[in-house]
Amino acid sequence: MKEITDIVHAFHQHQKEGKQTALATVVLVEGSAYRRPGARMLVSEDGQLTGAISGGCLEGDALRKARLAMTQGKPSLVKYDTMDEDDAQLGVGLGCNGIIHILIEPINPAEANHPLILLERAIATRQTSVLVTLFSLQDRKADQPGTCLLQLPLPASESIVSHRAPALMLETLTQDACIALQKETSVTLDYELAEHTLTGFIEVVQPSPALVICGAGNDALPLVHMAQLLGWHTTVVDGRANYATQARFALAQQVVVSRPEDILQHLTVDKYTAVVLLTHNYNYDLGALKTFLPLDLPYIGVLGPKKKFNMLLEDLKEVGALKEEVSLQNLYGPVGLDLGAETAEEIALSILAEIKAVFAQRAGGFLRDKQQPIHAPAVDVAASNLASTQAI
């Protein structure tokens, strides 16, 4: 999500300066690659790059092709075969052992619902949405519809469509986007048209994590700094007005002075919210746990030794705050991955790494010990499961 946010901000800046831009999107990967489908990069006419489509190997060539697409005024689909380490075409030894398909779309600001408008709408609210990008693998010289539909969730349940979306496919695309939204799983589908086949990347776009830090001590400072680098929305909460100030936490989106029982009057939490208790105040931590535990958040971390953590649980039981319906599955104490962290900066790193692992549903172990590929296997291109696509 941070990449999309950076791209949208860069686009508006380029617009102010009167620069042409093009959007490069990884739409399909066969085999292994540094970035997966959904990786994006904005290219300006003077060569400024925002985002990334590889580890730096493809950006130079993609820049040249993006400038050509700006000149021609039409999207193009580019294929990079990185299986050959002596790839003469690229002039670099990529060694990724995969084939990468990148769609390059010149952006016309006068066009209604162009790709950057759809991206901006996708990140406008803290809700999961679905972007649909259409391209033709069968004929790369054919018209490439590109990023052409955004499906928003309930209550709006709105479909925002560009003029490049094929009219005959709208009902089918919307249905497939709604299925992906319900399952929260991206998928790549083939659509058989009368004259040719289009491939659709049905991409689920989720909000960045929101981090609530209870505790405005010095050890919260590097946590806020690192979360900002990740693009996470950060809130600092403390009962001490002289500690919880915007001047101390200039990078936090919100700083709140509150008693633990009143915290929810000042902020909104959702299924993408992580909470970390760093107050070094037992009673404040106890009150904060009473507030957050019933909300079934994906992550609540408690700083301190296991003895303190167990005492908190015992005290919560005594006051009746640990009811049967309250799950402790998402409660982490002591907080953080076992990195051997000692300093405040190292502890912040271990906490954020644990939160990332939890949100990604990963164990957080050493990659060298992983028997499977680092990334989940790319979804095979398959026919849509909707009968209506068979007769478009």
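Here, every reference points to the structure presented above.
Quantities reported herein were computed from a predicted structural model and do not represent experimental measurements.

Peer 1: What is the right way to read the environment of Tyr-332 from this model?
Peer 2: Summarising the element assignment, Tyr-332 is placed in strand E16 (residues 331–332). Residue Tyr-332 is classed as partly exposed on the basis of its relative accessible area of 21%. Separated by 32 residues in sequence, Tyr-332 and Ile-300 have C-alpha atoms that sit 6.0 Å apart. Not counting residues up to four positions away in its chain, the partners in contact with Tyr-332 are Pro-298, Tyr-299, Ile-300, Gly-301, Val-302, Phe-309, Glu-354 and Val-358.

Peer 1: What is the right way to look at the sheet that holds strand E4 (residues 76–81) in this model?
Peer 2: Strands pair in a sheet through their backbones, by hydrogen bonds, and they do so in one of two ways: parallel or antiparallel. Read across the sheet, 5 strands follow the order E3-E2-E1-E5-E4 without closing on themselves; strand pairing throughout is antiparallel. Looking at which strands have only one partner, the edges of the open sheet turn out to be strand E3 (49–51) and E4. Each strand axis lies, on average, 25° off the axis of its neighbour in the sheet, ignoring direction. Across the face of the sheet, helix H2 (residues 59–72) comes into contact with strand E1 (21–31), strand E2 (40–44), E3, E4 and strand E5 (98–107) while running at roughly 60° to E2.

Peer 1: Is there a simple way to explain the pairing of strand E10 (residues 197–205) in this structure?
Peer 2: A regular strand carries its side chains on alternate faces of the sheet. In terms of residue burial, E10 counts as a mostly covered element, since 9 of its 9 residues are buried. Neither face of E10 is left uncovered, since the one carrying Thr-197, Thr-199, Phe-201, Glu-203 and Val-205 and the one carrying Leu-198, Gly-200, Ile-202 and Val-204 both have all their residues buried. Where strand E9 (residues 187–192) and E10 come together, 6 bridges link them in antiparallel fashion. In the sheet register, Thr-188 faces E10, and the bridge partner there is Phe-201.

Reading the values: the criteria
- Residues numbered from 1 in each chain as written.
- Predicted model: local features only at pLDDT ≥ 70, side-chain atom pairs only at ≥ 80, totals over all residues.
- Heavy atoms only, no water.
- Helix = DSSP H or I, 4+ residues; strand = E, 2+ residues; numbered from the N terminus.
- Buried < 20%, exposed > 50% of the residue type's maximum accessible area, 1.4 Å probe, protein only.
- Contact = heavy atoms within 4.5 Å.
- Pairing = 2+ DSSP bridges.
- Axes fitted to C-alpha atoms, helices over the stretch in contact; angles between N-to-C directions.

Don't take any of this as a statement about function, it's just geometry.
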